[in-house]
Amino acid sequence: MQRIALFLATNLAIILVVSFIYNLISNATGYSLNNAGGLLIFCALFGFGGAFVSLWLSRWMALRATGARVIETPRSSAEQWLVQTVRRQAQQAGLPMPQVAIYQSPEPNAFATGRSKKESLVAVSTGLLDAMSQDEVEAVLAHEVSHIANGDMVTLTLIQGVVNTFVMFFARIIASVIDNATRGNNQQGGGLGSFAYFGIVMLLEVVFGVLASIIVMWFSRQREFRADAGSAALVGPHKMIAALERLKRAQESRLDGTMLAFGINGKRSGLSKLFMSHPSLDERIHALRQRAAK
């Protein structure tokens with residue numbers, strides 16, 4: 001119930017803030033929803049607004065969703081090693097120290113999130129610590145630290161904002177064209193009507209959203225290769241290859257949403273390769289072996 005209440009409150013806040021900002025811009029510029037410029041501004045505010053709110057809350061939401069415990073004071077030698085390893089890798093990458101957390105899960109996985117390099121989180125599952133050797137865990141941590149160093153969370157948010165904007169914009173433009181065509185062919189005025197117009201907009205947003213996700217997932221796969229390369233630079237390619245080989249024997253990831261996108265193990269493929277957030281483990285291992293051979 002708390003999560004539902006937070007979700008509703010967050011979306012209501014987005015609507016109120018975006019509506020207020022849009023009204024200010026509309027009054028200052030004369031743009032309105034009746035012209036393309038005003039509609040584009042409206043869609044951009046909602047598209048980027050939702051994406052940046054998700055980014056802003058990402059660390060808090062990830063901790064709540066996984067039940068992860070931030071290591072403030074290490075309780076064991078394993079936790080001490082975990083914190084020290086992340087600190088060393090962050091220093092190598094020129095980053096402020098991220099928060100380090102552990103969450104209970106039998107699957108070997110880890111993820112990085114946070115709204116900026118200064119406000120980041122690296123979390124690992126108990127399954128990862130149990131299933132992997134220390135060298136393999138070190139490589140996984142380096143992979144997640146590389147996500148942070150590459151600014152992947154912010155970049156993915158910007159891409160998602162652009163995608164959201166144009167999905168909303170073109171859905172409404174095409175629905176308006178259909179509405180005008182229907183109105184023009186009807187001697188009594190006609191038109192789609194509010195309900196039909198809204199239904200067409202929703203249908204087009206779903207279709208365009210699916211197509212646009214191909215772009216987002218392509219970027220997601222590319223940044224996995226870059227994070228693997230970053231891990232290889234920090235700890236050596238052979239350790240990262242060993243970690244990926246270990247993951248090939250693991251079960252499907254149970255992480256959701258952005259946590260899946262920034263997890264180390266993203267085997268869930270969706271409808272096809274075009275919709276995968278991660279390249280296949282074999283492709284990643286092949287890329288690292290080619291890098292090691294150079």
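Refer to the structure above for everything that follows.
Residues numbered from 1 in each chain as written. Predicted model: local features only at pLDDT ≥ 70, side-chain atom pairs only at ≥ 80, totals over all residues. Heavy atoms only, no water.

*Asks:* Whenever I open this one, the overall build of the protein confuses me. Can you help?
*Replies:* For the protein, the count of helices and strands is 11 helices and 4 strands. The 294 residues of the protein split such that 43% are buried. Put simply, the protein shows about 15,200 Å² of open surface, and 61% of that area lies on carbon and sulfur atoms. (Helix = DSSP H or I, 4+ residues; strand = E, 2+ residues; numbered from the N terminus. Buried < 20%, exposed > 50% of the residue type's maximum accessible area, 1.4 Å probe, protein only. Areas by Shrake-Rupley, 256 points an atom, 1.4 Å probe, with all protein chains shown as cover.)

*Asks:* Before we go on, may I ask you to explain the sheet that holds strand β4 (residues 120-125) in this structure?
*Replies:* Two strands in a sheet stick together by hydrogen bonds in their backbones, pointing the same way (parallel) or opposite ways (antiparallel). The sheet built from 4 strands is open, its strands ordered β1-β2-β4-β3 with mixed pairing. Because the sheet does not close on itself, it has two edges, and the strands there are β1 (69-70) and β3 (110-114). Note: β1 against strand β2 (residues 99-103), 2 bridges, orientation antiparallel. If you follow R69 over to β2, its bridge partner there is I102. Running over the sheet, helix α4 (residues 77-92) touches β1, β2 and β4 and is turned about 140 degrees from β2. Where helix α6 (residues 134-149) meets the sheet, it contacts β3 and β4, and its direction lies at approximately 155 degrees from that of β4. (Pairing = 2+ DSSP bridges. Contact = heavy atoms within 4.5 Å. Axes fitted to C-alpha atoms, helices over the stretch in contact; angles between N-to-C directions.)

*Asks:* Whenever I open this one, the pattern of salt bridges confuses me. Can you help?
*Replies:* Oppositely charged side chains can form a pair if their charged atoms are brought close together. Counting across every chain of the model gives 13 salt bridges. The shortest N-O distance in the salt bridge between E138 and K239 comes to 2.9 Å. Of this pair, E138 sits in helix α6 while K239 sits in helix α9 (residues 237-247), and the two are 101 residues apart along the sequence. Judged by its relative accessible area of 23%, K239 is partly exposed. Note that R223 and E224 form a salt bridge whose closest N and O atoms lie 2.1 Å from each other. Among the charged side chains, a network of salt bridges with common partners joins R88, D135, E138 and K239. (Salt bridge = Lys/Arg side-chain N within 4 Å of Asp/Glu carboxyl O.)

*Asks:* Sorry if this is basic, but what is going on with the pairing of β4 here?
*Replies:* Moving residue by residue along a regular strand, the side chains alternate between the two faces of the sheet. When you tally the buried positions in β4, you get 6 out of 6 residues, the bulk of the element. Here β2 runs beside β4; their pairing, made up of 5 bridges, is parallel. Looking at β4, one finds that V100 is bridged to V122. Sheet topology places β3 next to β4; 5 bridges connect them, and they run antiparallel. By the bridge assignment, A112 is partnered in β4 with V122. Between β3 and β4, which pair antiparallel in sequence order, lie 5 residues.

*Asks:* Could you clarify how one ought to interpret the packing of aromatic side chains in this entry?
*Replies:* Here a ring pair, both rings aromatic, is described through the centre-centre distance and the interplanar angle of the planes. Counted under the stated rule, the structure contains 5 aromatic pairs. Here F48 and F52 contribute two aromatic rings whose centre-to-centre distance is 6.4 Å and whose plane-to-plane angle is 25 degrees, an arrangement assigned as stacked. Pair noted here: F48 and F52 are both in helix α2 (residues 36-56), with a separation of 4 residues, about one helical turn. The class for F48 is partly exposed, based on a relative accessible area of 26%. Each ring, one from Y103 and one from F111, has its centre 5.7 Å from the other, and the planes form 45 degrees; the classification is tilted. The pair Y103 / F111 is uniform in exposure class, with both members buried. Taken together, the aromatic side chains of F166, F169 and F170 make up a single cluster linked through ring pairs. The ring of W56 has R115 sitting right over it, with the charged end atom 3.9 Å from the ring centre. (Phe/Tyr/Trp six-rings, centres within 6.5 Å; stacked < 30°, edge-to-face > 60°. Lys NZ or Arg CZ within 6 Å of the ring centre and 35° of its normal.)

*Asks:* Is there a simple way to think about the packing of helix α8 (residues 194-235) against α9 in this case?
*Replies:* The geometry of α8 relative to α9 is characterised by a closest axis approach of 7 Å and an angle of 130 degrees between their N-to-C directions. Looking at the two axes, α8 sits oblique to α9. Note on element contacts: α9 touches α8 through P237, K239, M240 and L244, opposite D228, S231, A232 and V235. Residues belonging to the contact of α8 with α9 are distributed by class as follows: 5 nonpolar, 1 polar and 2 charged. (Parallel < 35°, antiparallel > 145°, perpendicular 65-115°, else oblique. Nonpolar A, V, L, I, M, F, W, Y, C, P; charged D, E, K, R; others polar.)

*Asks:* Explanation requested: helix α3 (residues 58-66) in the structure shown.
*Replies:* Side chains that are three or four residues apart share a direction in an α-helix, a result of its 3.6 residues per turn. All of the buried residues in α3 are S58, R59, A62, L63 and T66. All buried residues of α3 lie within an arc of 130 degrees about the axis, which places them on one face of the element. After α3 finishes, the residue G67 shows a positive phi value of roughly 70 degrees. (Arc of directions from axis to C-beta.)

*Asks:* Help me understand the pairing of β3 in this model?
*Replies:* The element β3 is extensively covered by neighbouring structure, given that 5 of its 5 residues are classed as buried. The alternating pattern of β3 places A110, A112 and G114 and F111 and T113 on opposite faces, both of which are buried.

*Asks:* Help me understand the nonpolar core in this model?
*Replies:* Nonpolar side chains tend to gather and get buried jointly when the protein is soluble and globular. Core analysis: the biggest nonpolar cluster contains 34 residues, and L82, V124, L128, M132, L141 and L244 have the highest contact counts within it. For this core, the elements supplying multiple residues, two or more each, are α4, β2, β3, β4, α6, α8, α9 and α11 (281-293). Sort the elements by how many residues they give to this core and α6 lands first, with 7 residues. Of all hydrophobic cores here, the second largest spans 9 residues; its members include A62, F111, L121 and A123. (Core = buried A, V, L, I, M, F, W, Y, C linked by side-chain atoms within 4.5 Å.)

In short, geometric facts, not functional conclusions.
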